[in-house]
Amino acid sequence: MQFTTPETPLGLIFDVNLGQTIDSVLALALLHGLAGKQECRVASLTINYPDLRAAQLCEVIERYYLSASGPSLGGNLPTVAPIGVVESRKAPADQPLLAKTVALTDGDNRKLWASDIKKWNDTAIPEILIRNILMANFDGKAAMVVSGPATNLATLLNLPDIKPLIAAKLKVMVIADGEFPSGKPDAAFMSDLPAAKRVLADWPTPIVFSGRELGTQIPFPGASVESAFAYNPNHPIAAAYRAGHQMPYDVPAPAMAAVLYAIRLSEGYFKLSEPGVVSVSNDGRTEFRPSAEGKHRYLKADPAQVERVTKAYVELASAKPAAPPPRRLPPALQKLEEERAAAAKKQPPLSDPPEQQ
Amino acid sequence: MIITRKAVARRTFLRGVGATVALPFLDSMVPALATAATTPKPPVRMAFAYVPNGLNFKDYKLDYEGKLDKLSRILQPLEPYKQDINVLGNLTHNAGRALLDGPGDHGRCSASYLTGLQPRKTMSDIKAGVSFDQIVGQHVGAGTSFNTLELGIEDARQAGDCDSGYSCAYTNNLAWRAESQPLPPTLNPRALFERLFGDDAALSPEARRRRNLYRRSVLDLVSGDAKRLSQDLGPTDQRKLDEYLSSIREIELQLARADKDSIKIDPGFDKPYGIPADFAEHFSLMTNMLTVAFQSNLTRVATFLVTREGTSRAYREIGIPDGHHPLTHHRGQADLVEKVSRINVYHMQQFATWVGKLKAIKEGDSTLLDNCMIVYGAGLADGNRHSHEDLPTIMAGRGGGSFQPGRSIVYRKETPMCNLFLTMMDRMGVPTEHFGDSSGPLDGLDLT
């Protein structure tokens, strides 16, 4: 895990239904675009539906972005930080985008990308991973974006003493599910309704929602894919996009909006609703009721910003992998260590071992 | 019906002037008319043997799950005991990680190993947490002489900076009685022996001086009692008692040798008088005494800090004059990597010998090892990378018949090491809902 200091960029905890929608894949790409500009760090990645192929795709994408660091020792593929996944003994549901992308082959019929993830124990327990990452961030220096079922959030809430930790660490929490102020049943909420209800009732921080309507109002422009990602013919993000549907097509992008908002809070890309309370009905419909005491808000499209947001989507999601900053102790820690070293030198010589019992 | 078998109380001692020797579990301690349901089971014991600086992971890690088959180079010494161990993968100590405290992995990983909490980074006002062995010891120690025993082989300094601002109290102790009160391990075998078997504290200074002068065997002191007891025992128990007393005698002879021989090899640190010349001899002495302590129910809980975290001890005994810790930062240099593996194997050989001794001791229909949970572990996985996940963890024994050994069990990544502690607490009869950063008991170890 990385050393962090109060000056370290915000760490984004991304709990995502990667591969269920192309929006989720683009949102991860956008997150890397922002991380490449040192505006944030990818603190942890967890998948919130039970499919190992989602973790494999996640690993492929992470390796792609790590490739800018150069080859690792011995020429091995870069080591990716543990990826959390909801575990299930049931066979995964059909996910054409996912299945097609991870199975892509080159001209010699060899798989384009390798993954070390073969079994559940090649992945992490998602709620423990999130808890551990929260502990590694300074107060107010983490953000969380969720796109997909609330399963991992609900299991996180089951851990002892977790609520104060979440409240202390998170600067912002954005959930890219639902439709606002009300709308059709939401597939993500429906897939784990008890978890959704638990999170809406018990989550210890304010939540901002990025709904389907926002995603539809500012979609990701499919026409940009062939040009923006052209610098790499085997770009995993573009490959996933092409695997999603017949090209070209635009996709609603609520998860991209959620990540962009969470990191560039003050950029004014979106409008915010008044405070209120979001509830979910038994058929998965979300409803927002205004309330001055409510901890929920939702993002609204600002017609004046649509073009700017779309431009940010394309530029950030297609950004080339950036080399990480040089590995050295952050300045604050470096200073601390120097002070400690100086203090240690002033200590009197160590005494002899104490008398034995 | 004529009952000829005479029951011996479980808490019978052989006593003499200045010595008390507890007895091992004998058949005669089972009441003559006991049925399987009423037969008292031998108690479950637990111990941790901690090795520092991680392991050379490539030579340690098994690349398979399920029934133990081909062992890795470092695990190879355990080949004869493959059916008595589980090799556990992916257990993690998050509290050992930097989190917000920067460098100091050695200090953190040892202080958090049994406490499950990140220690305060300091050289003065130390703070960690109560270690789980102490919690267990407090609950199960009532019928024993010692709630817990803390053993070690190396440095026991408690002050100064031992790692990037972490006090030596963090690297040099495993057990913590209170959050600011570590329990330094006993390093000197003779001190441990006298603690276990002698009543020196009760002797006058003159008597103690005389005893040290003549160095009489404690067995001589309790021989009258032993003879009397022997007359009441059946042939099997007589043999068990003889073997047990012989093992104590062996320890005494080892001690005497150590007293004479203590500076033959320089291990790289100052040794008090009586510390054995070489590492293997020291390890053997300490574990022999621990075995006797378990066998005779002097204690049920022990920690053994094999060497301290961050140690730069040299292993000239096996031709390695370099310090252990510097070697682990080998940067991939083949000759240094090889030396680390050799040290890791050497440690494992000593552990395997101990496992063999525990297995050789019968307890009713089982063995002492069957009734133990002995964890051989490290607070760092790979010493070169200072990683705190997938910590090397070997569990020897069947935990009183509740574990199914002989397997490589790989858990999901980030599984808290404290989950193992919860399971062990349960097997020790101290069920606990939460410890450290646990998320629930560890599955997969049970018989099912």
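What you are looking at is a predicted structure, and each value in this text was computed from that prediction instead of being measured. (Residues numbered from 1 in each chain as written. Chains lettered and ligands numbered in written order. Predicted model: local features only at pLDDT ≥ 70, side-chain atom pairs only at ≥ 80, totals over all residues.)

In a soluble, globular protein the nonpolar side chains are often hidden away together inside. Core analysis: the biggest nonpolar cluster contains 119 residues, and B:Tyr50, B:Met289, B:Leu290, B:Phe304 and B:Val355 have the highest contact counts within it. When sequence neighbours within four positions are dropped, the list of residues in contact with B:Met289 reads B:Pro189, B:Leu192, B:Phe193, B:Leu196 and B:Ile251. One finds A:Ala43, A:Val60, A:Leu134 and A:Tyr313 within the second-largest nonpolar core, a separate group that totals 103 residues. (Core = buried A, V, L, I, M, F, W, Y, C linked by C-beta atoms within 7 Å. Buried ≥ 20, exposed ≤ 12 C-beta atoms within 10 Å, placed from the backbone. Contact = placed C-beta atoms within 7 Å.)

Next up on the list: the confidence of the model for chain A. Of all residues in chain A, 87% attain a pLDDT of 70 or more, and the chain-wide mean is 90. Here residues 348-357 of chain A is a poorly scored stretch, pLDDT under 50, and it has 17 contacts once near neighbours within four places are set aside; other chains count. (pLDDT = per-residue confidence, 0-100.)

Residues and elements named next belong to chain B. The sheet built from 8 strands is open, its strands ordered 4-18-5-17-16-3-11-6 with mixed pairing. Taken across any chain shown, the strands that pair with only one partner, and hence form the sheet edges, are strand 4 (66-67) and strand 6 (149-152). Pairing geometry for strand 4 and strand 18 (residues 407-416), over 2 bridges, is antiparallel. Paired with Lys67 across the bridge in strand 18 is Arg407. Contacts from helix 13 (residues 417-427) reach strand 3 (45-51), strand 5 (85-92), strand 16 (372-378) and strand 18, with the element oriented near 120° to strand 18. (Pairing = 2+ DSSP bridges. Helix = DSSP H or I, 4+ residues; strand = E, 2+ residues; numbered from the N terminus. Axes fitted to C-alpha atoms, helices over the stretch in contact; angles between N-to-C directions.)

It is worth spelling out helix 2 (residues 105-113) of chain B at this point. In an α-helix, one turn spans 3.6 residues; hence positions three or four apart end up facing the same way. Residue and element names in this part refer to chain B. Of all the 9 residues making up helix 2, 9 are buried; the element is thus mostly covered by neighbouring parts of the structure. Residues of helix 2 that are buried: Asp105, His106, Gly107, Arg108, Cys109, Ser110, Ala111, Ser112 and Tyr113. The secondary structure elements touched by the buried residues of helix 2 are strand 3, strand 7 (161-163), strand 8 (166-167) and helix 4 (168-171).

The next subject is the pairing of strand 11 (residues 301-305) of chain B. Residue and element names in this part refer to chain B. Among the 5 residues of strand 11, 5 are classified as buried, and the element is accordingly described as predominantly covered. The alternating pattern of strand 11 places Val301, Thr303 and Leu305 on one face and Ala302 and Phe304 on the opposite face, and all of these are buried. Relative to strand 11, strand 3 runs parallel, the two being bridged by 5 bridges. If you follow Ala47 over to strand 11, its bridge partner there is Ala302.

Time to look at the packing of helix 1 (residues 22-36) of chain A against helix 12 (residues 254-263) of chain A. Residue and element names in this part refer to chain A. Where helix 1 meets helix 12, the axes come as close as 7 Å, and the angle between the chain directions of the two elements is 25°. Judged by the inter-axis angle, helix 1 sits roughly parallel to helix 12. Considering the relative orientation of helix 1 and helix 12, their crossing is right-handed. From helix 1, Asp23, Ser24, Leu26, Ala27, Leu30, Leu31 and Leu34 reach across to helix 12, where they touch Pro254, Ala255, Met256, Ala258, Val259, Leu260 and Ile263. Among the residues forming the contact of helix 1 with helix 12, the class breakdown is 12 nonpolar, 1 polar and 1 charged. (Parallel < 35°, antiparallel > 145°, perpendicular 65-115°, else oblique. Left-handed = near helix turned anticlockwise from the far one by under 90°. Nonpolar A, V, L, I, M, F, W, Y, C, P; charged D, E, K, R; others polar.)

All names here are of chain A. Here the amide bond leading from Phe180 into Pro181 is cis, since omega sits at 5°, within 30 degrees of zero. Phi at Asp161 is positive, roughly 55°, even though this residue is not glycine. Tracing the chain through its elements places Asp161 in the loop between helix 5 (151-157) and helix 6 (162-169).

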